[in-house]
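Residue-level listing of the chains:
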Amino acid sequence: MDRLISWLGDKFTFSPTGPGTSSMEHKKSRADLEPLILNPRALSDLPTNFFPEPKRGICSWQTLFSSSRTNTDSLTVGIASCPPKAGYLAYHRHAQAEIYHVISGNGIVRINGIEYNIEKGSVVFIPGDAEHGVRNLNETEELKWLYCFAADSFEDVHYRFSEE
């Protein structure tokens, strides 16, 4: 298992795609792929990302599987969270469909102008190019969800924020 963690550390710092290229240009063959398991220690070593501008959201995320960092393809998966009270992910679109699975907390997801209540255990399908965003309604608990895109790499998902 230590070999896997060491390998993961190397992979999280390696990016085969440069500016103007897509991870699709570096597609791995199925023969090169092996099962990949991230244990809690590997997860704790992942970088946490934030938007540089609060107008895009007061939230954070960790990308778990993305071909630019892991020996995976076809799916990009991560965990996002919004802090209590003021947490949100601003309304945006991207070409890829997306799935949310709420891990903890409760809030609102707005998809194409319609608001839906979400809570721990909720699963949400968001069609590609649908305008959507998330708000945490809880005063004391973080809203946390697993997200999944049908994309090789997180870098292939181009966010278009509605207010920009």
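Look up: the structure comes first, before these words.
Please read all numbers here as calculations on a predicted model, not as lab measurements. (Residues numbered from 1 in each chain as written. Predicted model: local features only at pLDDT ≥ 70, side-chain atom pairs only at ≥ 80, totals over all residues. Heavy atoms only, no water.)

## Examining the overall build of the protein
Here's step 1: Counting its regular elements, the protein contains 2 helices and 12 strands.
Here's step 2: Out of the 164 residues belonging to the protein, those deemed buried represent 43%.
Here's step 3: Put simply, of all contacts in the protein between residues at least 6 apart along the chain, 71% involve residues at least 24 apart.
Here's step 4: For the protein, the accessible surface area stands at approximately 9100 Å², while carbon and sulfur atoms represent 56% of it. (Helix = DSSP H or I, 4+ residues; strand = E, 2+ residues; numbered from the N terminus. Buried < 20%, exposed > 50% of the residue type's maximum accessible area, 1.4 Å probe, protein only. Contact = heavy atoms within 4.5 Å. Areas by Shrake-Rupley, 256 points an atom, 1.4 Å probe, with all protein chains shown as cover.)

## Brief notes about the sheet that holds strand E11 (residues 143–149)
Here's step 1: Pairing is antiparallel across the open sheet formed by 6 strands, whose spatial order is E1-E3-E4-E11-E6-E9. Bordering the open sheet on either side are strand E1 (49–50) and strand E9 (123–126), each of which pairs with just one other strand.
Here's step 2: The pairing of strand E6 (residues 98–104) with E9 spans 4 bridges and is classified as antiparallel. For Glu-98, the partnering residue across the bridge sits in E9 and is Ile-126. (Pairing = 2+ DSSP bridges.)

## Description of the pattern of salt bridges
Here's step 1: Under the defined criterion, the tally for this structure stands at 6 salt bridges.
Here's step 2: A salt bridge links Arg-69 to Glu-155, with the nearest nitrogen and oxygen atoms 3.3 Å apart. Highlighted residues: Arg-69 in the loop between strand E3 (60–65) and strand E4 (76–82) and Glu-155 in the loop between E11 and strand E12 (160–161), separated in sequence by 86 residues.
Here's step 3: Owing to a relative accessible area of 36%, Glu-155 belongs among the partly exposed residues under this scheme. (Salt bridge = Lys/Arg side-chain N within 4 Å of Asp/Glu carboxyl O.)

## Let's talk about the pairing of strand E5 (residues 88–93)
Here's step 1: Bridge analysis of strand E2 (residues 57–58) against E5 gives 2 bridges, and the strand direction is antiparallel. Each residue of the ladder has a partner; that of Gly-57, found in E5, is Leu-89.
Here's step 2: The pairing of E5 with strand E10 (residues 132–136) spans 3 bridges and is classified as antiparallel. Paired with Leu-89 across the strands is Val-134, a residue of E10.

## Some thoughts on the layout of surface pockets
Here's step 1: Within this model, the largest pocket holds a volume of roughly 240 Å³.
Here's step 2: Of all elements in the fold, only E5, E6 and E11 reach the threshold of two or more residues within the lining of the largest pocket.
Here's step 3: Taken together, the residues that form the lining of the largest pocket break down as 12 nonpolar, 2 polar and 2 charged. (1 Å grid on protein atoms, 1.4 Å probe; cavity = no way out; pocket = protein on both sides within 12 Å on 5 of 7 lines; lining within 4 Å. Points joined across faces, edges and corners; volume = space filled by probe spheres on them. Nonpolar A, V, L, I, M, F, W, Y, C, P; charged D, E, K, R; others polar.)

## Topic: the nonpolar core
Here's step 1: Core analysis: the biggest nonpolar cluster contains 24 residues, and Tyr-100, Trp-145 and Tyr-147 have the highest contact counts within it.
Here's step 2: Listing elements by their share of this core, those giving two or more residues are E4, E5, E6, strand E7 (106–111), E9 and E11.
Here's step 3: With 4 residues, E11 is the largest single contributor of residues to this core.
Here's step 4: In this structure Tyr-100 touches Leu-89, Val-109, Ser-122, Val-123, Val-124, Ile-126, His-132, Val-134, Trp-145, Leu-146 and Tyr-147, once residues within four positions along its chain are discounted.
Here's step 5: Listed in part, the 6 residues of the second largest apolar core include Leu-38, Leu-64, Val-77 and Cys-148. (Core = buried A, V, L, I, M, F, W, Y, C linked by side-chain atoms within 4.5 Å.)

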